[in-house]
Amino acid sequence: MIAISAPVIGELEEKLVLEVLRSGRLAQGPMVERFEDDVRLVVGTRHAVAVANGTDALIASLLAHGIGAGDEVITSPFTFVATLNAILHVGATPRFVDIGSDFNLDPGQLSAAIGSATRAILPVHLFGCPADMSRIAAAIGDRDVVVVEDAAQSLGATAEGRPVGSFGTGCFSFYATKNVTTGEGGMVTTDDEDVAATLRVLRHQGQRGRYEYERPGFNLRMTELQAALGVAQMSRLPDIVASRRLNAGALTEGLAGIEGITLPSEPPGRTHVYHQYTIRVSSEARITRDRLAARLRGEGIECGVYYPRPVFDYACFAAEPRVGAPSTPAAAAAGREVLSLPVHPQLTEHDVSRIVEAMRSALA
Ligand SMILES: Cc1ncc(COP(=O)(O)O)c(C=O)c1O
């Protein structure tokens, strides 16, 4: 079986986790600080605040910017549900701007969507491809709107030479399938001193100092064990990114020219880190997307549909008055056509050839 994701875990991870186990200090401590420094340096922000997972990173970021009831947050309809859950849990109202051909929020539709209640734009850098941040900034102009980036899938990606997570407040996930993983884990990056301080207070039960409660908080702390994995993984980030890009290049070469298939591409000025290698299967293809997926799985090749529908298009959200019934036809069409193929660093050349051959024989 060729898995759709596989973590790269080696001796360094084992060594650092063992170090933590032997240190006797298991929760938030020096290893978490080391991990924060490693992420801060890659993203290029003044602060990085580790939290328990990427969903918490989003929730805490919105709260740290003072976003809540009555505020509108504009985001992409084509994302993992955590993006929407975070907006709803802080009490804000989600507004959706449809996607472009890069699967990300279309900046061309953004300016008209920004209204007097808009407090934040929450672009999602989906599949490892950065959103078009310069056009998003241009659409915002001088309006008093913050940018909170859902960079859960895109650590190490850049737009016009600038790392994702440095355009506003960056939210990362280190879930088991992510390019860099701590099993579960998250991080917020920011240049804003006050936002960073508020995040640290929120993370630690609302305390600034011991028993100095400032506001109702949470327990969002990361363990030293997670951070040990994170430190080891961060040392591999350049190799992980290079390997994913190499595999993506080989897939693109092997799959070029198949009728009805659109391959992922790297928009000019942006570096894609290929968290997913996501193709589109249109009605011109020889078989349907779902039959192709079944056929690949039958041949031992895992593949995934991320995501089958716009994130709001479920009964539980339709019943929520803050969501309502938005219309985002491009996201709905993507949901019908997308298929993600394995691209992770554990793939061998032989695996890539097997994927290409299986695709060609199903579609040629
Ligand atoms: C786009 C996106 N946003 C948010 C999250 C939430 O991260 P986590 O699973 O660490 O809570 C994920 C990953 O799962 C994601 O892919």
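Residues numbered from 1 in each chain as written. Predicted model: local features only at pLDDT ≥ 70, side-chain atom pairs only at ≥ 80, totals over all residues. Heavy atoms only, no water.

Draft legend 1. Local environment of the overall build of the protein. Along its length, the protein carries twelve helices and 13 strands. For the protein, whose C-alpha radius of gyration is 20 Å, the value lies close to the compact-globule estimate of 21 Å for 364 residues. Seen through its principal axes, the protein has C-alpha atoms that stretch 65 × 55 × 35 Å. Burial analysis of the protein (364 residues in total) assigns 55% to the buried set. Contacts spanning at least 24 positions in sequence make up 70% of the contacts within the protein whose residues lie at least 6 apart. Taken as two groups, the 33 positive and 42 negative side-chain charges of the protein have centres that lie 3 Å from each other. (Helix = DSSP H or I, 4+ residues; strand = E, 2+ residues; numbered from the N terminus. Rg over C-alpha atoms; globule rule 2.2 N^0.38 Å. Buried < 20%, exposed > 50% of the residue type's maximum accessible area, 1.4 Å probe, protein only. Contact = heavy atoms within 4.5 Å. Lys, Arg positive; Asp, Glu negative; His and termini not counted. Charge placed at Lys NZ, Arg CZ, Asp CG, Glu CD.)

Draft legend 2. The site of the ligand, seen in detail. Surveying the vicinity of the ligand reveals 15 residues, the closest of which are Gly54, Thr55, Asp150, Ser173 and Lys178. Within the side chain of Ser173, a nitrogen or oxygen atom sits 2.7 Å from an oxygen atom of the ligand. The contact in question runs from an oxygen atom of the ligand to an N or O atom on the side chain of Lys178, over 3.1 Å. In isolation the ligand exposes 380 Å². Once the protein is present, 93% of that is buried. Looking at the shell around the ligand, the elements with two or more residues in it are helix 3 (54–64) and helix 4 (81–89). Take the shell around the ligand: its biggest share by element is three residues, from helix 3. A per-class count over the shell around the ligand returns five nonpolar, eight polar and two charged. (Near = heavy atom within 4 Å. Polar contact = N/O pair within 3.5 Å; in protein donor to acceptor, adjacent residues only side chain to side chain. Areas by Shrake-Rupley, 256 points an atom, 1.4 Å probe, with all protein chains shown as cover. Nonpolar A, V, L, I, M, F, W, Y, C, P; charged D, E, K, R; others polar.)

Draft legend 3. Examining the sheet that holds strand 5 (residues 146–150) more closely. The sheet built from seven strands is open, its strands ordered 1-9-8-5-4-2-3 with mixed pairing. At either end of the open sheet lies a strand with only one pairing partner, and these are strand 1 (47–51) and strand 3 (93–96). When strand polarity is set aside, the average angle formed by the axes of neighbouring strands in this sheet is 25°. Pairing of strand 1 with strand 9 (residues 186–190), which is carried by five bridges, proceeds in the antiparallel orientation. Residue pairing in the sheet places Val49 in a bridge with Val188 of strand 9. (Pairing = 2+ DSSP bridges. Axes fitted to C-alpha atoms, helices over the stretch in contact; angles between N-to-C directions.)

Draft legend 4. Highlighting the state of the cysteines. Taken as a whole and assessed by the stated rule, the structure comprises zero disulfides. Not engaged in a disulfide, the cysteine Cys171 finds its nearest cysteine sulfur in Cys129; these two sulfurs lie 18 Å apart. (Disulfide = S-S within 2.5 Å.)

Draft legend 5. Geometry of the environment of Arg289. Within the element layout of this structure, Arg289 appears in helix 9 (residues 289–298). The class for Arg289 is buried, based on a relative accessible area of 10%. Considered as a pair, Arg289 and Gly324 are 35 residues apart in the sequence and their alpha carbons are 29 Å apart. When residues no more than four places from it in sequence are discounted, the contact partners of Arg289 are Val281, Val305, Gly335, Arg336, Glu337, Val338 and Leu339. From its side chain, Arg289 meets the backbone oxygen of Arg336 in a polar contact 3.4 Å long. A distance of 2.7 Å separates a polar atom in the side chain of Arg289 from the backbone oxygen of Val338.

Draft legend 6. A look at the side chain of Thr189. Considering the arrangement of structural elements, one finds Thr189 in strand 9. The buried category is assigned to Thr189, whose relative accessible area is 0%. Within the local environment of Thr189, its side chain forms a polar contact with the backbone oxygen of Gly165, the two atoms lying 2.8 Å apart. Contact partners of Thr189, with chain neighbours within four places excluded, come to Val39, Val43, Thr45, His47, Ala48, Gly165, Gly168, Thr169, Gly170 and Phe172.

Draft legend 7. Molecular detail of the pairing of strand 3. Strand direction decides the pairing type here: strand 2 (residues 72–75) and strand 3, joined by four bridges, are parallel. Of the residues in strand 3, the one forming a bridge with Thr75 is Phe96. Once the chain exits strand 2 it traverses helix 4 before rejoining the sheet at strand 3, and the crossover so formed is right-handed. (Right-handed = clockwise from strand over helix to strand, strands pointing away.)

Draft legend 8. Structural context of the pattern of salt bridges. Scanning the model with the defined rule gives 17 salt bridges in all. Of the charged contacts in the structure, one is a salt bridge between Lys15 and Glu19, with a shortest N-O distance of 3.5 Å. Here the residue Lys15 and the residue Glu19 both occupy positions in helix 1 (residues 11–23), the gap between them amounting to four residues, near one helical turn. The partner of Arg208 in a salt bridge is Glu214, with the nearest N and O atoms 2.4 Å apart. When salt bridges with common partners are traced through the structure, they connect Asp102, Asp132, Arg135 and Arg270 into a single cluster. (Salt bridge = Lys/Arg side-chain N within 4 Å of Asp/Glu carboxyl O.)

Draft legend 9. Examining the packing of aromatic side chains more closely. Following the criterion strictly, the structure yields ten aromatic pairs and no others. With 6.4 Å between their ring centres and 90° between their planes, Phe78 and Phe127 make a pair best called edge-to-face. Linking Phe78 in the loop between strand 2 and helix 4 with Phe127 in the loop between strand 4 (118–122) and helix 6 (133–140), this pair joins segments that are 49 residues apart in sequence. Its relative accessible area of 0% is what places Phe78 among the buried residues. Overall, the relative accessible area of 3% leaves Phe127 in the buried class. Both rings, one in Tyr211 and one in Tyr213, keep their centres 6.4 Å apart while their planes meet at 65°; by these two values the pair is edge-to-face. (Phe/Tyr/Trp six-rings, centres within 6.5 Å; stacked < 30°, edge-to-face > 60°.)

Everything listed here is a matter of geometry and, on its own, says nothing about what the molecule does.
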